[in-house]
Amino acid sequence: MGDTRRWFWLGGVALLIAFIYLLHPILTPFLVALLLAYLFDPVVDRLEKLGLSRTWGVVAVFALFTLIVSALLLVLIPMLAKQLFRLYELAPQMLDWLQHSAVPWVQSKLGLADGFWKFDRVKAAISEHMGQTTDIVGVVLSQATASSLALIGWLANLVLIPVVAFYLLRDWDLMMAKIRSLLPRHREERIMTLTGECHEVLGAFVRGQLLVMVALGFIYAAGLMLVGLELGLLIGMIAGLAAIVPYMGFVIGIGAALVAGLFQFGGDLYPMVGIVAVFMVGQALEGMVLTPLLVGDRIGLHPVAVIFAILAGGELFGFTGILLALPVAAVIMVLVRHVHDLYKDSDIYSGVEDPDL
């Protein structure tokens, strides 16, 4: 009986993995909608406690979210587009600066032979590629309209996300209650304990870390723009996104900002000090204010585990796998923690021999 039950569960897990793998091209809007429902469920619960019905609470949350996102897009997209075009214009000058200034300086300091980097080949390849894509907007539009079915599918997914998220959020508590009612009665307490721990980890990471990323993106972007860096908004937003892995946003952001600042300001000391100060302040705020306040110490996901989960999910299931990677890694981490505790309490670890053996 025990073997039959074990094989039943293994078969169920295998079927679930196969289901996700076969249907992952269409799962993205549903996973994004599920993420939105999970993020906003506590807000709707609070509105319910204030006397608002569940449906009107969901409507209020979606209206506010739509208003904020629309305002940000109207402000940020034109600015980011302008900086992307500026980066495209500056790319040839940056290549020349690297070839005639930066690379010779590194060669002289390291004692390398001329032509060690074969930079001419790199520059020629990049210039050739850039020459083929002078009309960025035209390339994007041509790719977007290459297949009318693909364009229709993309628009359908875009419309589907808020619709699915609305229904999931409205019926969230009801669905959770029904799922709990299906749990085996003798295992309900243990399963709910594990679920509660997974919820803490997911809540800390999904809600907390996303807020930290957004806050750092604005801090870095605002600081770099105040310093006068032309690409400050673009670099700041990239650094904020990279902050999903601890310290990666800082390393990528300060590296890119220093290179852009060195190219823009030359040897001027004060702007470079300002760039370093922006990232030092951002890092200090992240460590002393943002992470303790918004995330806490309940994540427990090692940075290497985060990187591996994102890369593995993307390799196996594409963008759908990236969305699934961190929640699945968090759940696995909780289960591994319990398996570790069971092992420490077992006879195998303590060395006590079974008298029946």
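Conventions we followed
Residues numbered from 1 in each chain as written. Predicted model: local features only at pLDDT ≥ 70, side-chain atom pairs only at ≥ 80, totals over all residues. Heavy atoms only, no water. Helix = DSSP H or I, 4+ residues; strand = E, 2+ residues; numbered from the N terminus. Buried < 20%, exposed > 50% of the residue type's maximum accessible area, 1.4 Å probe, protein only. Contact = heavy atoms within 4.5 Å. UniProt positions renumbered as here; feature names shortened; annotations may be inferred. Salt bridge = Lys/Arg side-chain N within 4 Å of Asp/Glu carboxyl O. Axes fitted to C-alpha atoms, helices over the stretch in contact; angles between N-to-C directions. Parallel < 35°, antiparallel > 145°, perpendicular 65-115°, else oblique. Left-handed = near helix turned anticlockwise from the far one by under 90°. Nonpolar A, V, L, I, M, F, W, Y, C, P; charged D, E, K, R; others polar. Expected span 1.5 Å × (residues − 1). Core = buried A, V, L, I, M, F, W, Y, C linked by side-chain atoms within 4.5 Å.

Participant: Looking at this structure, how should I read the overall build of the chain?
Facilitator: When helices and strands are counted, the chain shows 12 helices and 0 strands. Each helix and strand of the chain, ordered N terminal to C terminal, gives the series α-α-α-α-α-α-α-α-α-α-α-α. A total of 357 residues make up the chain; the buried ones form 30% of that total. Within the chain, contacts between residues separated by at least 24 positions form 70% of all contacts whose residues are at least 6 apart in sequence.

Participant: Hey, could you run me through the UniProt feature "transmembrane region" (unreviewed entry) in the chain in this one?
Facilitator: When the UniProt feature table is mapped onto this chain, "transmembrane region" (unreviewed entry) is found at residues 7–40, 60–81, 149–169, 210–229, 241–263, 269–295 and 307–336. Note that residues 210–229 is 90% helix and 0% strand, and that its end C-alpha atoms are spaced 25 Å apart. Taken end to end, residues 241–263 has its terminal C-alpha atoms 24 Å apart, with 78% of it in helix and 0% in strand.

Participant: How should the environment of Gly255 be read in this particular structure?
Facilitator: Within the element layout of this structure, Gly255 appears in helix H9 (residues 248–265). What makes Gly255 partly exposed here is its relative accessible area of 31%. For the pair Gly255 and Ala239, spaced 16 residues apart in sequence, the C-alpha to C-alpha distance is 9.9 Å.

Participant: What am I meant to see in the pattern of salt bridges here?
Facilitator: For side chains of opposite charge, pairing can occur when their charged atoms come near one another. This structure, assessed with the given rule, holds 8 salt bridges. The salt bridge partner of Arg54 is Asp41, with a shortest N-O separation of 2.7 Å. Of this pair, Arg54 sits in helix H2 (residues 54–110) while Asp41 sits in helix H1 (residues 2–49), and the two are 13 residues apart along the sequence. In this structure, Arg54 and Asp41 share a single accessibility class: buried.

Participant: Would you mind going over the packing of helix H7 (residues 188–227) against helix H8 (residues 232–242) with me for this structure?
Facilitator: Any two packed helices are characterised by the angle at which their axes cross and by the distance between the axes. Packing of H7 against H8 brings their axes to within 7 Å, and their N-to-C directions diverge by 155°. Accordingly, the angle class assigned to the pair H7 and H8 is roughly antiparallel. Crossing of H7 over H8 shows right-handed handedness. Here Met213, Leu216, Gly217, Phe218, Tyr220, Ala221, Leu224 and Met225 of H7 lie close against H8, whose contacting residues are Gly232, Leu233, Ile235, Gly236, Met237, Ala239, Gly240 and Leu241. Considered class by class, the residues forming the contact of H7 with H8 number 12 nonpolar, 4 polar and no charged.

Participant: Mind showing me how you'd approach H7 here?
Facilitator: An α-helix turns once per 3.6 residues; consequently, residues spaced three or four apart project the same way. Taking 1.5 Å of rise per residue, 40 residues should cover 58 Å, and H7 covers 57 Å from first to last C-alpha, within 8% of that figure. Gly228 lies just past H7 and shows a positive phi near 105°.

Participant: Looking at this model, I keep getting lost on the nonpolar core. Mind explaining?
Facilitator: Soluble, globular proteins show a tendency: their nonpolar side chains are buried together. Formed by 23 residues in total, the largest nonpolar core has its most connected members in Leu36, Leu169 and Val334. Of all the secondary structure elements, the ones that give two or more residues to this core are H1, H2, helix H5 (148–170), H7 and helix H11 (303–344). The dominant element in this core, judged by the number of residues it contributes, is H1, at 7 residues. Apart from residues lying up to four places away in sequence, Leu36 is in contact with Phe65, Ile161 and Ala165.

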